[in-house]
Amino acid sequence: MENAKPNESAPPSPKVPSSSLFLSPENLCGQTLLSIVGRGHSILADIRILSDRVPAAFLAAADLDSDKDESCQDKNTGSGLFSLFGGTSSGSSSKAGTSSAGDVDGDEDDTEDVKKYVPFLFDFSYLHNPEEWEASLSVVESKTPQQQQQKSNSPETLAELEREFAVNHRAAIEEYYELFFSIYDYQAAVNQFATDLTKGYFIQYTVESVLLDLDGRALLCEAVWLYGVMLIMMERFLPGPIRERLIIAYFRFCGRDGDISRIDTICKLCKSTGIVPPKSMTSANFSSDKSFKYPMDDDKLFARYPIPVDLVRNIVGVLISDDIYQQASVFPNIDHRSIRLSRQASMLYVILYFDPAVLRDEVGKLREIVDKYFHDNWVVHVYAGLTADLSLEWDDRFPAAKIALDNVLKVDNVKRLHINNAKLIGQCMAELRAYLTMGILTDKFVLDNKHDLLNCLRRCNIAARWRILHRRTSTQTYYDIVCVESDQITTDPKLEGNFVVSDTHVVSLLLLCSQLEMQLKDIFRELLQKKGDIWMNCREQARKTMDDLADYFKGDQTLARVSRHDGLIVWFTSMSDEIRALTYESGDHFTVTGREIQLCVQALEEVEQYDLIDRDVQVKSFLEESRGLLLQMARAVGVSESICEDIRWISDMSYGIESVKSYVTIIHTRVSKDPSNVALLQGFFLKLSSSLDGPVERLKQLSSAEAMKVTEFYSAELVSFVRKVLEIVPISVFRLLVNMSDIFERRLLRLPRKVAADQLVTYSQTGERYKLSMMAHEISMFAEGILGMENSFVGGVEVNPRKLLDDGLRKEMVQHVSELMNNILQFDFSADNETTSSLLRNQASAMRSLTSLSKRLEGFRSSLDCIEDFVAFDGSKMWHEEMARIISYNVEQEVNKYLLKKVLDSDSKFQSKVIPIPRFPKTQNEPSCVNFMGRAMSMLLKITEAQYTTYSLERGGWFMSDGGTEVCGLKTVALLRDAIGIYGLVGIDRLLSYRILHELHRFVKFFRTNVSKHGVLLEQLRDELYPEWKAPLNVISIYAHGSRKTEMLMLPMLTCFRRVGQAQLLRRMIRYELQRAARVDAKLLQLAVSTLNASLLSSNQTFTDHPDDMKKLFELTIAVGSGDPMDTVFMATDPLEGLPLLLLFFIITYVPKIKYDPNYGSLAKGKGGYPIDGWPIIAGCATMLKQFHPSYAKSFLAYIGQFIRVSVQTYAEKKGKKEEISRLALDLSGTIAFACQFCDISNLPRSALNEFVPQYLLEIANLVVAIVGPTSNVFKWFNFCLFFFGFLGFCRSFAAAVNLTRRSVVDLTGGIQLSNRSRSRSWGTMVTSWPFSLIAFDSAADRQLIRVAIVK
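Predicted, not measured: the structure shown is a model, and the values here were computed from it.

Draft legend 1. Local environment of the overall build of the chain. Assigned secondary structure in the chain consists of 57 helices and 9 strands. Residues classed as buried in the chain amount to 54% of the 1352 residues present. Across the chain, contacts joining residues at least 24 apart in sequence account for 79% of those joining residues at least 6 apart. Entry remark: accessible area of the chain is about 60,200 Å², with carbon and sulfur atoms responsible for 53%.

Structure follows, in structure tokens:
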């Protein structure tokens, strides 16, 4: 099919005669009514839009099923299990539908996650006594700590949950509130319009005069009908329990700064009716299982804000007596009357509920309605695919309606209708196959058989409409008749016995009928464009034929054996002139031109009566050809735009837009068996586009801005259905892809460079290669079928088949890869993680999982590359784009647990309705992790747990504390990169950053709530230790007193610093791996990013002008591994007074618990199993101080320097209690190592520490602590070292005087190794010649420092 223009595939418009006076822009009455109707369609679209976005917490609170799969439902449910206001069907089945996997229908992925919000989502009972309900929350808050931990509803947690819920869903709650008010405002506008008509505000218009106008009566009927549809759809898609909780949530969360002046009106409109929705989401029928909370009559739904009864009765009278849409030309046959009036029938069904007295008492009027509208149908299309079964709706509650309907709805009558419909379907399918035979539908054939073709289309659509609607009946007796089944699968309906018509037959009828409609519309469209050329060509050929015949009868031609006949010469010449004079552009009516053509044809028939002509076969052939050309001219003139309008209205399928979703499985089966069936789907999709007519017609007439929104919504719904139908193609392609991948990887032998002649047969593997060729051929067939479809407009959206195929393949790839990563990245660290052996075992298992995932993904990526040529897509590009989206989305969802304002699926830029990323339930082993990215980060954190491991900066990894076995190093991160790629490493880096930010926020909150209580103490200690450059009196007692007073604050600080430091060290390893990978795989990109980053940092330009570009540069900087994570500033916060001093007492408290381990070059735990490690704590402290002004770090080093100097001075002067001095002696080694390593990891120069601790003093103290043991005499060793250093200084001076050569010396065994940087900066080199030690001084300045120290 050629490309269709947007207006060519537009849905049909009702054939409403134009009344320019009423709808003119100057007519205030008409424009007011038109705007009301347009607003009604917009509100109905809003109901559908918002019904898909109901937060899962409200569904859980209302105890409703949030799974809304519309296509999977039990066949016995029909259009709904229950009636709108009546009892249940005795024969109805109660089977519930199943949901399809992979749907993304909510912002929370697990029911348990949303149930935590239920306690504060109240219904209207809250309004009776708000204080009591608010107090009920405190009951939950007053439970025991054990119960609070079990239910996760502690006092603080419940308040935080309510605040979190309000922050994340306030905008949505406000949208629902505005929707409910718009419904009330709509009915108020309708009633106000009726009042204005009655009072004569529109002067020449009254209710009666408006109903006499063709446009006016249609609009007035639609206005009242739309209000009733709003109430039905509101109750259907937003049931009462949900409505009540949404309104109360608005009252509680938005009442302080929102408008609650209309709350009483909204509560009255939205009060729950007690009606439970049916299982089918495509029916307007409801359940009669009412709660006893609100006892009410059934018609209260329409009686809360009613329409004036007089207006309703006038409208009902017009609908009964008139054809308000004037569609007699579309369905002229009397047998098609119920189809022609079907839209009025749905209006009557809804509007009669505003006057229930008619349904109960007026039998005569109901008989008239049933006989005219429902004599051959009882399932009514309500709006946008929703249906209602009158056999249930009009039950014993409405005696008059039931009596009238029972008069026609009898079993024998239903059987007769079923048999007639089955015969009609059989006849239509035979005609369709005949017409769709290749070469039949030519321009001439269509012009000659125009009326037969249109009648065929009428019969096909009428047959399909009756069958589709009535297969959804809810009455079991009628369902058994209409939906009778057969064990035999036949191509055509069974036209004998029980006359079986299955869903497969209905699908075949729809596909063939839509194909004929599409071809006819194309042909008529072409005829309209070229009918002028047809007229001219046919006229010229007919005229030339007349001239040839005139010449023929002259007898001058060589081979002519006819004598000259002057009479015939004159006659044919005059006929040629008459034909030349024929024109339809002269202004004459077409009937005049048609009459002239008819006279010419009649004359040509009469001339054959002459004996001379009758005996000449050649002349008779020319005359017959001329008559055919003249008739073709007449038929071409008869082709007009009205034919295309009639076809579009005949093919209207708005009634089945929801019903056809149950046929998707059948279509998939047909396409799987024969991929060529894909070619039939384009016409089917164009046929479905007619469903867009009703919602947007009036909005377009109004030129409303809402027309685009409504069109986009319904077009998106239709395109979604198109994607769902066509997804069988990528599913089939991926199934073949998996099979091909299996053959490539496991069965085919890889060819060596040289193959022996006798082994050629072995390597040929003709059987396997034949299977590959067949699979490749089948893939190409699937691709050819969908790529053969031309671009077309479905609704207001252009559908590109190639884009649909690409999206489908991406969807399948995302589904497969997500499932693979979710299934493999599951680690069991919860069962037996109390021992070192279990940690090693779990770590080995995790490494095996990463290796398996790496191989699987690599094989899958290779398979994608294999089918690129068959399906015509870029497999590598698809792989990288979708992998980045999968990782980014899962990281985003994992980060939500650290955020107050969460990123919901509807707000995520990585989630897509077209290519959804599936969400999987949490695992039992790691319930705190949302998805596999969280589990991967958790795995890294658990194998590097400080309780069992020690981090070594020089060796670049974590090692077991008791055995030295590496559990996480550069090889681990490299393996992780192979498994989840660069995107995965960047994602884990982001998760670790948010974990750090979360811990920092918790620390700030802890500091302001707990540490601030000790503000006086910290201020007192700070004053006692001031100034930091000197040692105060009784400093030992000050340190001891401060440690005792702050002891309760140390454990939370340890937990925070350990977690922050652990995450920062992991980020350093990840950044190094990213840098290494970029240096190998993307060296030019790495250099370009580094250069650009350096140039921007060196410039004086501000970065606020292009935030998006700066964000991209930041992401690229991380991806290539540039930058140091320790320089990251995670948050901006107010100063924390006393933080450096508190860190000093933290070091005094925990440094004695760790000791320097020369094997790792780090501070290790002194006692096995204690959850403390040197480098994570140091990194944590450095990260914490990085968040504040540099003066904090300087003040911290000042306190550290004061502590070190005081410790040395205490040793030298022997002041204080002996046990206190011994403790300080033990702390000195760890404190010095801590200070030096803090400077190293903070990227601070060593001079920053030397400002407060002389360098020589650090070296002396290091030597002392290295020599002495816990039971040694510290004072003697200290004095000895002072004397020894002085003696060495003297020797060095003497050696310099006599020009002695400087001697190289070696260090003591067990000397402290600070770090590579520390060793390089050390001014003295200690050597291992026990018990003597020499120091080689670097300069005269060093010697002078020692002399000064000895003198002091």
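Draft legend 2. Focus on the packing of aromatic side chains. Counting across every chain of the model gives 39 aromatic pairs. When the ring of Phe302 is compared with that of Phe354, the centres are 5.1 Å apart and the planes differ by 90 degrees; the resulting orientation is edge-to-face. Note that Phe302 is positioned in helix α13 (residues 300-303) and Phe354 in the loop between α16 (342-351) and α17 (356-361), a separation of 52 residues in sequence. The residues Phe302 and Phe354 share a single accessibility class, namely buried. Their ring planes at 50 degrees and their centres at 5.1 Å tell us that Phe1146 and Tyr1150 sit as a pair that is tilted. Residue Phe1146 and its partner Tyr1150 are both found in helix α49 (residues 1139-1150); the two are separated by 4 residues, about one turn of the helix. Comparing Phe1146 with Tyr1150 shows no difference in burial state: the two are buried.

Draft legend 3. Quick look at the packing of helix α32 (residues 681-688) against helix α34 (residues 706-726). At their nearest, the axes of α32 and α34 sit 11 Å apart, and the two run at 155 degrees to each other. In terms of their interaxial angle, α32 and α34 are classed as roughly antiparallel. The handedness of the crossing between α32 and α34 is right-handed. In this structure, α32 uses Leu681, Phe684, Phe685 and Leu688 to contact α34, whose residues at the interface are Leu718, Phe721, Val722, Val725 and Leu726. For the contact of α32 with α34, the per-class residue count stands at 9 nonpolar, no polar and no charged.

Draft legend 4. Fine view of a nonpolar patch on the surface. Taken together, Leu751, Val755 and Leu760 make up a surface patch of nonpolar side chains, about 270 Å² in accessible area. Tracing the chain through its elements places Leu760 in helix α36 (residues 760-764).

Draft legend 5. Just the pairing of strand β6 (residues 957-960), in detail. Residue alternation in β6 divides its side chains into two sets, Gly957 and Phe959 and Trp958 and Met960, and both sets are buried. Counted along the chain from strand β5 (residues 949-952) to the antiparallel partner β6, the turn is 4 residues long, and its residue Gly956 has a positive phi close to 65 degrees.

Draft legend 6. Spotlight on the environment of Ala946. Within the secondary structure layout, Ala946 lies in the loop between α42 (932-943) and β5. Owing to a relative accessible area of 5%, Ala946 belongs among the buried residues under this scheme. Residues Ala946 and Gly1174 lie 228 residues apart in sequence; the distance between their C-alpha atoms is 9.2 Å. Residue contacts for Ala946: discarding those within four places in its chain leaves Arg1058, Lys1165, Tyr1170, Pro1171, Ile1172 and Asp1173.

Draft legend 7. Looking closely at the nonpolar core. By size, the foremost hydrophobic cluster in this structure holds 393 residues, and its most contacted members are Tyr383, Trp394, Leu630, Phe1003, Leu1139 and Phe1146. Of all hydrophobic cores here, the second largest spans 5 residues; its members include Ala1078, Val1089, Leu1096 and Val1120.

Conventions adopted
Residues numbered from 1 in each chain as written. Predicted model: local features only at pLDDT ≥ 70, side-chain atom pairs only at ≥ 80, totals over all residues. Heavy atoms only, no water. Helix = DSSP H or I, 4+ residues; strand = E, 2+ residues; numbered from the N terminus. Buried < 20%, exposed > 50% of the residue type's maximum accessible area, 1.4 Å probe, protein only. Contact = heavy atoms within 4.5 Å. Areas by Shrake-Rupley, 256 points an atom, 1.4 Å probe, with all protein chains shown as cover. Phe/Tyr/Trp six-rings, centres within 6.5 Å; stacked < 30°, edge-to-face > 60°. Axes fitted to C-alpha atoms, helices over the stretch in contact; angles between N-to-C directions. Parallel < 35°, antiparallel > 145°, perpendicular 65-115°, else oblique. Left-handed = near helix turned anticlockwise from the far one by under 90°. Nonpolar A, V, L, I, M, F, W, Y, C, P; charged D, E, K, R; others polar. Patch = residues over 30% accessible without salt bridge, like charges linked within 9 Å, V, L, I, M, F, W, Y side chains within 5 Å. Salt bridge = Lys/Arg side-chain N within 4 Å of Asp/Glu carboxyl O. Pairing = 2+ DSSP bridges. Core = buried A, V, L, I, M, F, W, Y, C linked by side-chain atoms within 4.5 Å.

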